[in-house]
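Spelled out from the first residue to the last, the chains are:
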Amino acid sequence: MATTTMTRNRRGRDRFAGPVVMGFLYVFLTIFALASAFPFYYMLVTATYRTVDILRIPPPIWFGSALMQNYNQLLEQGSLPYFWTSVYNSVAIASVHTVAVLFFCSLAGYGFAKFRFPGRDGMFTFLLATLMVPGALGLIPSFIVMRALHWIETWYPLIVPGMANAFGIFWMRQYIESAIPNEMMDAARIDGAKEFRIFWAIILPVIAPALGALAILTFMGKWNEFQFPLLILKDQMTYTLPVALSTLRSLRGTEIGVQILGSSIAIVPILTVFVSASRQFMSGLTAGAVK
Amino acid sequence: MATTTFTVAEQKAQDRRTRRKEAKRNVWAYVFVAPFFFLYSIFGLFPLVYGVWLSFHQWDGISPMKWVGFLNYIKLFTVDDVWWQAIYNTVWLFVGATIPQLLIALILAFIINSGYIRFKDFFRAAYFMPFVASAVAVGILFSSLFGLQYGMFNFFLSFFGIDKIDWLGSALWLKPSIVLVTVWQWTGYSMIIFLAGLQSINPELYEAARVDGADTNDVFWKITMPLMRPVILFQVVTSIIGAMQNFDIPVMLAGGTQSSAPGGTDHAGLTAMMQLYWSAFKYNTGSKSGFGYASAMSFILFFMIVTFSYLYNRANGRNLTED
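None of the values given here were measured: they were computed from a predicted structure.

Caption draft 1: Structural view of the pattern of salt bridges. All names here are of chain A. In the structure shown here, the tally under the stated rule is eight salt bridges over all chains. The shortest N-O distance in the salt bridge between R50 and E255 comes to 3.5 Å. Note that R50 is positioned in the loop between α1 (19-46) and α2 (51-54) and E255 in the loop between α13 (241-250) and α14 (256-276), a separation of 205 residues in sequence. Among the ionic pairs, R189 bridges to D186, the shortest N-O distance being 3.5 Å. Taken together, the positions of R189 and D186, both in helix α9 (residues 182-190) and three residues apart, correspond to about one turn of that helix. In this structure, a network of salt bridges that share partners links the residues D186, R189 and E195.

Okay, structure coming up:
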């Protein structure tokens, strides 16, 4: 093509030099960026309207004035009187789970990265293999296990099983292997430090960046989790936010603006964290996909 | 000061002491990695094995279990039309969502990686935003966007003279609607993975190809694509695993959690995981229901995942040798 003469940039990569093509690429990228962002904008706008004002042509595209009205109704909606209780439950479950994950996964990651114990490689291969086992297929027996432990209606089923999980351990091991020189532990050992103390006082502070990425991913996953909480939690006082939202939606006659305001409360905090820490977020996600 | 010359005996004693120390240390390593194996055997491995056992029983979860052999599987394979419709829907949604998702993600990743695009971080973050949103909240949001009379999508289409589409109400459009939301939510994630893959390719390879006189086409098909194969494979396999367990978005768009007939009009949005869930936990009193029956469903799904992953792997491998 005449407009796409090939040139080379500093890094030796190719680019299409023609301004027409570059313009086209930017338009293409922008269209997809808008498509990604638009539903969030629509969410914030719709949360400020009553249903009668949402259901009209043209639909509202700028903020309305019914935010407080929707908010008050969200708090007293039908048989779901405790919206903030569900938010509290979600925050508590996700926080406790995340702290436990950080502890157990970094501990095991350290074990796999810095000790040469018999059976290590086989155990690690097994651990990686479990990543490929689709967990939700054990849904029914998991439910039976939880019932046998008398854990139905409690938060334990949401907090305990994933505390030491394969992804987290894999992620921490990769990081610890490359970030911690063996001399660091040897020096501490010569000084007479105990093994757990070395982990707690020397290793943990150094691996803070990896812990940060794992914390964000873990918290997000737990905050958004739906199927298992739906199965385990039957008492409305124990609902997590997604379960409460799905119940809110199934109640007849719930105002659309109220539902969407509730959804914003589920989405906005996690989106804020993502925007402020997107780099750690993405580095954590690509672990395992690319060597 | 200690002497620096050791006798053979002293050297051996020294080695033994080091080994003993390491063996003592390794006890700690076992303690450190133990929680995973302990938790996984109770909450991961045991449920899977127990599920196989359950699938040969009839059990409502309360009364005694009754051994029925292959009866659950026979029923599923011969008389349960709804189950096969759910499987059909699941595969439909997998193919319908994964192909555009990976294709768009690959194109976006190539463009962003191509060198001269500015605001890379901005675009990356923008594409990725949908991934962090709760599927339940996203379902509520899109239910409103998909509205028949007053939804934003139909309003937008009206500018192009397109008649109102009954996105969520008609059996014809329910699956495409679910696909649309799935692609919206997951393309950014795939894009990030592809981008990381592209960035891990050594630039010297491009340099060398250039020196040998390769053009863009050659570089793309002979260097970029072969090196991206493992990343694409990873994406496809994780998509298969995810898609066979597809639940959150279809539940929110097709039928509420309280619904007695899930999956929308004519079960058009009923996925296998939804049917499994309802069979085990909602229809407990019916004759064809129960934990055993639903466990049999689990293992049909499990074998589908293994089979699809294997077939894709094989097809991919064959292409590799033909090139």
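Caption draft 2: Molecular detail of the interface of chain B and chain A. Contact residues are listed per partner, giving 96 residues for chain B and 102 residues for chain A. Here chain B and chain A share one salt bridge between them. For R116(A), the salt bridge goes to E22(B), with nearest N and O atoms at 3.4 Å. Here the side of chain B that touches chain A takes 22 residues from helix α1 (residues 8-54) of chain B, the largest share from any one element. Broken down by class, the residue content of the side of chain B that touches chain A amounts to 69 nonpolar, 18 polar and nine charged.

Caption draft 3: Spotlight on the environment of G169(B). All names here are of chain B. Tracing the chain through its elements places G169 in the loop between α6 (152-158) and α7 (171-199). On the accessibility criterion, G169 (32% relative accessible area) is partly exposed. Distance in space between the C-alpha atoms of G169 and T265 is 6.6 Å, their sequence separation being 96 residues.

Caption draft 4: Broad picture of the domain arrangement of chain B. All names here are of chain B. As far as domains go, chain B holds domain 1 (8-54) and domain 2 (71-322). Relative to domain 2, the C-alpha centre of domain 1 lies at a distance of 39 Å. If you look at the interface, domain 1 gives four residues, while domain 2 gives four residues. When the two sides are added together, the surface that domain 1 and domain 2 hide from each other amounts to roughly 370 Å², 71% of it contributed by carbon and sulfur. Joining domain 1 to domain 2, the criterion identifies zero salt bridges. Connecting domain 1 to domain 2 are zero residue pairs in polar contact (both at pLDDT 80 or more).

Parameters and conventions
Residues numbered from 1 in each chain as written. Chains lettered and ligands numbered in written order. Predicted model: local features only at pLDDT ≥ 70, side-chain atom pairs only at ≥ 80, totals over all residues. Heavy atoms only, no water. Salt bridge = Lys/Arg side-chain N within 4 Å of Asp/Glu carboxyl O. Helix = DSSP H or I, 4+ residues; strand = E, 2+ residues; numbered from the N terminus. Contact = heavy atoms within 4.5 Å. Nonpolar A, V, L, I, M, F, W, Y, C, P; charged D, E, K, R; others polar. Buried < 20%, exposed > 50% of the residue type's maximum accessible area, 1.4 Å probe, protein only. Domains from an automatic or database assignment. Buried area = accessible area lost by both parts, 1.4 Å probe. Polar contact = N/O pair within 3.5 Å; in protein donor to acceptor, adjacent residues only side chain to side chain.

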